[in-house]
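What the coordinates show
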Amino acid sequence: MRCYARRVSPEELATLTQLRRARDLIDREYAKPLDVPTIAQHALMSAAHFSRQFRAAYGETPYSYLMTRRVERAMALLRAGMSVTDACMAVGCTSLGSFSSRFTELTGETPSAYRAREHEAVKAMPSCEAKQQTRPRKQKKATLDESSSFEEAAAGVRS
């Protein structure tokens, strides 16, 4: 069986280059006040077009990517002992409530619980490995269909 790679047109390559530039901006300037229109300007696109292209290329919206980077950096600050409020402000979030909600959504625990937990294993890892192992990943929520299927399965076991 042959594997055929699709050729990328010069226009697609230019778009990918602009998207990468925007993603690099987010990675570099995550602690500064960034919004999608500002990031889109760096990619030389309208905000709506940029959001669609970014999601198609990276699998998440630009805002979601920004917040994931912020949470990732906040996790490192919390492991180092910084307070939740200080970590929130240091990574560019202005609302402690929104920060805590997104942090909990991505990590499955509150920032306070994360800070209080032991992190000796992470401190012993090389930084490149620690970054990979502690990267926040959105927690999957059980859907109504999944929970009802679980209840049906449990009922079948009981009978």
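Here, the structure is the one placed above.
Residues numbered from 1 in each chain as written. Predicted model: local features only at pLDDT ≥ 70, side-chain atom pairs only at ≥ 80, totals over all residues. Heavy atoms only, no water.

1. Notes on the packing of aromatic side chains
A complete count under the given rule lists five aromatic pairs for this structure. Centroid distance Phe54 to Tyr58: 4.8 Å. Interplanar angle 55°. Geometry classified as tilted. One end of the pair is Phe54 and the other is Tyr58, both in helix H3 (residues 47-58) and four residues apart, which spans about a single turn. On the basis of relative accessible area, Phe54 is assigned to the buried category, the value being 0%. Aromatic ring contacts, followed pair by pair, group Phe50, Phe54, Tyr58 and Tyr65 into a single cluster. One Lys or Arg, Arg73, reaches over the ring of Tyr30 and ends 4.7 Å from the middle of that ring. (Phe/Tyr/Trp six-rings, centres within 6.5 Å; stacked < 30°, edge-to-face > 60°. Helix = DSSP H or I, 4+ residues; strand = E, 2+ residues; numbered from the N terminus. Buried < 20%, exposed > 50% of the residue type's maximum accessible area, 1.4 Å probe, protein only. Lys NZ or Arg CZ within 6 Å of the ring centre and 35° of its normal.)

2. Points about the pattern of salt bridges
Side chains that carry opposite charge are capable of pairing whenever their charged atoms lie near each other. One pass over the structure, following the stated rule, counts seven salt bridges. For Arg73, the salt bridge is made with Glu72, and the minimal N-O distance between the two is 3.4 Å. The buried category is assigned to Glu72, whose relative accessible area is 8%. Linking Arg102 and Glu105 is a salt bridge whose minimum nitrogen-to-oxygen distance equals 4.0 Å. You can see Arg102 and its partner Glu105 sitting in helix H6 (residues 96-107), three residues apart, about one turn around the helix. (Salt bridge = Lys/Arg side-chain N within 4 Å of Asp/Glu carboxyl O.)

3. Some thoughts on helix H1 (residues 10-29)
Here H1 contains 20 residues, and its C-alpha end-to-end distance of 28 Å stays within 8% of the 28 Å for a straight helix at 1.5 Å per residue. Listed as buried for H1 are Thr15, Gln18, Leu19, Ala22, Arg23, Leu25, Ile26 and Glu29. The buried side chains of H1 occupy one side of the element, clustering within an arc of 150° when seen end-on. Of the exposed residues in H1, those oriented more than 90 degrees away from the buried face are Pro10 and Arg28. On its buried face, H1 sits against helix H2 (36-42), H3 and helix H4 (62-79). (Expected span 1.5 Å × (residues − 1). Arc of directions from axis to C-beta. Contact = heavy atoms within 4.5 Å.)

4. Considerations on the nonpolar core
In this structure, Ile39, Phe50, Phe99 and Phe103 are the most contacted members of the largest nonpolar core, which totals 29 residues. For this core, the elements supplying multiple residues, two or more each, are H1, H2, H3, H4, helix H5 (84-90) and H6. With seven residues, the top contributor of residues to this core is H4. With sequence-adjacent residues up to four places away left out, Phe50 is seen in contact with Leu19, Ala22, Val36, Ile39, Ala40, Ala43, Met45 and Pro62. (Core = buried A, V, L, I, M, F, W, Y, C linked by side-chain atoms within 4.5 Å.)

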